[in-house]
Amino acid sequence: MKFTNLLKRLGIVLGLGTTLSLGNIASADTFRSETNVAGSGAYLGMVGFASVVSKYAGHNLEVKADIAVSKSMVALGRAKADITNVVLPLVGAMKNGKGPYKKLSNSAEVAEGIRMILTHPSGTYHIVTFDGNGIESMQDIKGKKVYTGPKNASMYQTGLTLINGETGYKPGVDFEVLDLDMKGGEQAFLDGHVDVWIRPAPLGGALIEQVGVSRGVRFLGLTEKGMKSEGILKYTNGPGRTADLIPVGTYTGQANKEPVKTVGFWLGIGANKNVDADAVYEMTKAVWNNLDEYKSVAKAFFAPMTQEGLIEHMTAPLHLGAYRFYKEMGLDIPERLIPPEAATN
């Protein structure tokens, strides 16, 4: 299904710039939301959430797109946004002032403002090159130009980890890394200014499919040895991280004749801890009762989602409203996910 047709089916209206809205935007019951670029796993997850919440709970999300999730999490923790995607391992990084948050003042306090609603599959790492250019394995990256994401995004470091774990190569020494935003990186690859484009994206989705339509593509994979390297093992053993495969024939123009080993990940949808608990309860209930409709945004991609699995992989406490609902449904909620607010309610 074409992406524009999907939006129409879900009743989503694209406004000026990068804002989309569901429901009556004039309503006082409008929640500020942020997400990543159209077609990304973060975006699809938020689209499914916003659609179901609008239809069955009567709550409107006004969503700003094209924002790095690592940046949205800061807005969420500071209550500058009500509902955003959450990169699960970055909650710990924020608490400890590490990674993209090493220069963030009061990072632990900001992290304390983040609460969870649910988690969902979000993407598979695609290490992409054009077929026929002489690059057929990760070892061939040496001396090439690589784009692996904005430096403030988690995908940037993950891409470097995959290259180093498989080859031992270091950026600036063995290969060149281009510092561009997401759209700039994709365009540089399409224009031939980047040899290898590393992009987390929904498996089989339009973000990668569009690249191979007019020109053959090859996906560079990890070997068994690479998967067992220290850096990649640390990644796959982390919260919401998995080993993954890109099957043969997944994309138009795919040159690979064997499945490609890579890694994948889940994301969360979170709310600021001060968002009304009754509203979040109703949102959570809407997703739980209409999970198949939520998953219809990308059926194959969201297939692993189950009602009981909505709290898997979480790295921050549940929002009080979500906690109340899951508790009523009889889920076994780990102590670490019980929100501090539950003690006073």
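Residues numbered from 1 in each chain as written. Predicted model: local features only at pLDDT ≥ 70, side-chain atom pairs only at ≥ 80, totals over all residues. Heavy atoms only, no water.

Undergrad: A description of the overall build of the chain should follow, citing residues and the corresponding values.
TA: If you tally the helices and strands in the chain, you get 13 helices and twelve strands. Expected size for 345 residues packed as a compact globule is a radius of gyration near 20 Å; at 20 Å, the chain falls within 12% of this value. Dimensions of the chain, computed from C-alpha atoms along their principal axes, come out at roughly 60 × 40 × 35 Å. About 15200 Å² of surface is accessible on the chain, with carbon and sulfur atoms providing 50% of the total. (Helix = DSSP H or I, 4+ residues; strand = E, 2+ residues; numbered from the N terminus. Rg over C-alpha atoms; globule rule 2.2 N^0.38 Å. Areas by Shrake-Rupley, 256 points an atom, 1.4 Å probe, with all protein chains shown as cover.)

Undergrad: A description of the environment of Y125 should follow, citing residues and the corresponding values.
TA: Looking at where Y125 falls in the secondary structure, it is placed in strand β6 (residues 114-130). Overall, the relative accessible area of 3% leaves Y125 in the buried class. C-alpha of Y125 to C-alpha of I198: the two residues are 73 residues apart in sequence and 6.9 Å apart in space. Those residues in contact with Y125 that lie beyond four places of it in its chain are S154, M155, T158, L162, I198, R199, P200, Y235, I246, T262, V263 and F265. (Buried < 20%, exposed > 50% of the residue type's maximum accessible area, 1.4 Å probe, protein only. Contact = heavy atoms within 4.5 Å.)

Undergrad: Explain helix α2 (residues 41-57) to me, and be specific about the residues and the numbers.
TA: Side chains that are three or four residues apart share a direction in an α-helix, a result of its 3.6 residues per turn. Look at α2: 23 Å from first C-alpha to last across 17 residues, which is about the 24 Å you get at 1.5 Å a residue. Of all 17 residues in α2, 15 are buried, a share of seventy percent or more. G58 occupies a position one or two residues after α2 and carries a positive phi of about 75 degrees. (Expected span 1.5 Å × (residues − 1).)

Undergrad: Before we move on, can you summarise the confidence of the model for the chain with the specific residues and values?
TA: Averaged over all residues, the pLDDT of the chain is 90; the fraction at 70 or higher stands at 92%. Under a pLDDT of 50 for its full length, residues 1-17 has, in the predicted model, 29 contacts with residues more than four places off or in other chains. Long-range and interchain partners of residues 24-28, a stretch whose pLDDT sits below 50, account for four contacts in this model, where long-range means more than four residues apart. (pLDDT = per-residue confidence, 0-100.)

Undergrad: Mind laying out the packing of aromatic side chains, listing which residues take part and the relevant values?
TA: The relation between two aromatic rings is expressed through the spacing of the ring centres and the mutual angle of the planes. Enumeration over the complete set of coordinates arrives at ten aromatic pairs. Ring centres of Y125 and F265 lie 5.7 Å apart, and the angle between their planes is 55 degrees; on these two criteria the pair is classed as tilted. Residue Y125 is located in strand β6, and its partner F265 is located in strand β12 (residues 260-272); the two are separated by 140 residues in the primary sequence. (Phe/Tyr/Trp six-rings, centres within 6.5 Å; stacked < 30°, edge-to-face > 60°.)

Undergrad: Describe the environment of F49, listing the residues and the values that go with them.
TA: Note on placement: F49 falls in helix α2. For the pair F49 and V217, spaced 168 residues apart in sequence, the C-alpha separation works out to 32 Å. In this view, F49 contacts L61, I83, I117, L118, I269, M283, V287 and Y294; residues no more than four positions away in its chain are not counted.

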